[in-house]
Amino acid sequence: MAPSTVSLKLLVHSTSRRVLFAEAGKDFVDFLFNILSLPVGSVIGVLTKQDMVGCLGRLYESLENLSDTYMQPQANKDTLLKPIVSNSAANVPPLLPNIQSSKSTNLYRCANSSYRNDCRTYVANDSTSICPACNGVMCQTVTVVNPPTKQASSCDEGGYVKGVITYMIMDDLVVRPMSTISSITLLNKFNINDVRVLEEKVIDMGTDEGVKLLKASLQSKTVLTDVFLGKKTGERDVGNYSAVLSIVI
């Protein structure tokens, strides 16, 4: 079972109060990548309409308030307001509130299809539909069969990325494998000549931070700085530049 909180280390420039990058494991990276699988309607539901950037929140509210009188008979507003969320990443940390999904659509076939071949070629998503072949009611539930799944191996950890690797997450959420060379290259890129200006902080991230990160990812290119700096809850100082040396040397 995926943990409900995850930890990550932030490398912070103490003078500019900016996160240079974060060091994290599989759990945090799986959470980040799983954001890409969320439908827009689900994201709006998590952030609330007021927190959405631009007009998507108002569009969501318009559909929410629109009377069913104006909707097509076969249309269900919940398919847009509460779209079905993929459950392919079962071991991703639950760092967002429970997302409500609409019920999956059932499929039906003609009640006469067991003895009429011409009826078997038709399916419907409404149990009151009429079969084009015999004019019978298509009320017999069809069982949807998924393709065979690849058998999980003993090293399959679920989620998206492998857990034996430490990952580097940039302030703009660029993700790459962590290495000593990449750390030194970044310090040179940021013109860090004195490691005493660097601080390492350990962040314990839960649902509140998950929602804030999702919101910031839609608004900012300095997500980690915006979400984590200045917060005291769940933050632990673990040292100054001497701790940073363990990362870059």
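Residues numbered from 1 in each chain as written. Predicted model: local features only at pLDDT ≥ 70, side-chain atom pairs only at ≥ 80, totals over all residues. Heavy atoms only, no water.

Digging into the overall build of the chain
Part 1 of the reasoning: Regarding its fold elements, the chain presents 8 helices and 8 strands.
Part 2 of the reasoning: Here the chain holds 249 residues, and 35% of them are scored as buried.
Part 3 of the reasoning: By sequence separation, contacts in the chain at least 24 residues apart represent 64% of the contacts at least 6 residues apart.
Part 4 of the reasoning: Carbon together with sulfur atoms contributes 51% to the accessible area of the chain, which is approximately 15100 Å² in total. (Helix = DSSP H or I, 4+ residues; strand = E, 2+ residues; numbered from the N terminus. Buried < 20%, exposed > 50% of the residue type's maximum accessible area, 1.4 Å probe, protein only. Contact = heavy atoms within 4.5 Å. Areas by Shrake-Rupley, 256 points an atom, 1.4 Å probe, with all protein chains shown as cover.)

Digging into unusual backbone geometry
Part 1 of the reasoning: For N135, which is not glycine, the phi dihedral falls at a positive 65°.
Part 2 of the reasoning: Within the element layout of this structure, N135 appears in the loop between strand 3 (107–109) and strand 4 (140–142).

Considering the pattern of salt bridges
Part 1 of the reasoning: Inspection of every chain in the model, using the stated rule, returns 8 salt bridges.
Part 2 of the reasoning: Ionic pairing is found between D68 and K77, a salt bridge with its closest N-O pair at 3.9 Å.
Part 3 of the reasoning: Through salt bridges with shared partners, one network takes in R17, E199 and K201. (Salt bridge = Lys/Arg side-chain N within 4 Å of Asp/Glu carboxyl O.)

Regarding the environment of L187
Part 1 of the reasoning: Tracing the sequence through the fold places L187 in helix 5 (residues 180–189).
Part 2 of the reasoning: With a relative accessible area of 7%, L187 lands in the buried category.
Part 3 of the reasoning: Residues L187 and L20, spaced 167 residues apart in sequence, show a C-alpha to C-alpha distance of 8.5 Å.

Structural notes on the side chain of K26
Part 1 of the reasoning: Along the polypeptide, K26 turns up in helix 1 (residues 26–35).
Part 2 of the reasoning: Taking the relative accessible area as the measure of exposure, K26 reaches 10% and is therefore buried.
Part 3 of the reasoning: Only 2.7 Å separates the side chain of K26 from the side chain of D30, close enough to count as a polar contact. (Polar contact = N/O pair within 3.5 Å; in protein donor to acceptor, adjacent residues only side chain to side chain.)

Focus: the pairing of strand 1 (residues 6–13)
Part 1 of the reasoning: The element strand 1 is largely enclosed, with a buried count of 6 among its 8 residues.
Part 2 of the reasoning: When strand 1 meets strand 7 (residues 198–205), the two strands line up antiparallel, connected through 8 bridges. The residue bridging L8 from the neighbouring strand is I203, located in strand 7.
Part 3 of the reasoning: Direction of pairing for strand 1 relative to strand 2 (residues 18–24): antiparallel, over a ladder of 6 bridges. Along strand 2, the bridge assignment pairs L10 with A22.
Part 4 of the reasoning: Between strand 1 and the antiparallel strand that follows it, strand 2, lie 4 residues; R17 among them carries a positive phi value of about 55°. (Pairing = 2+ DSSP bridges.)

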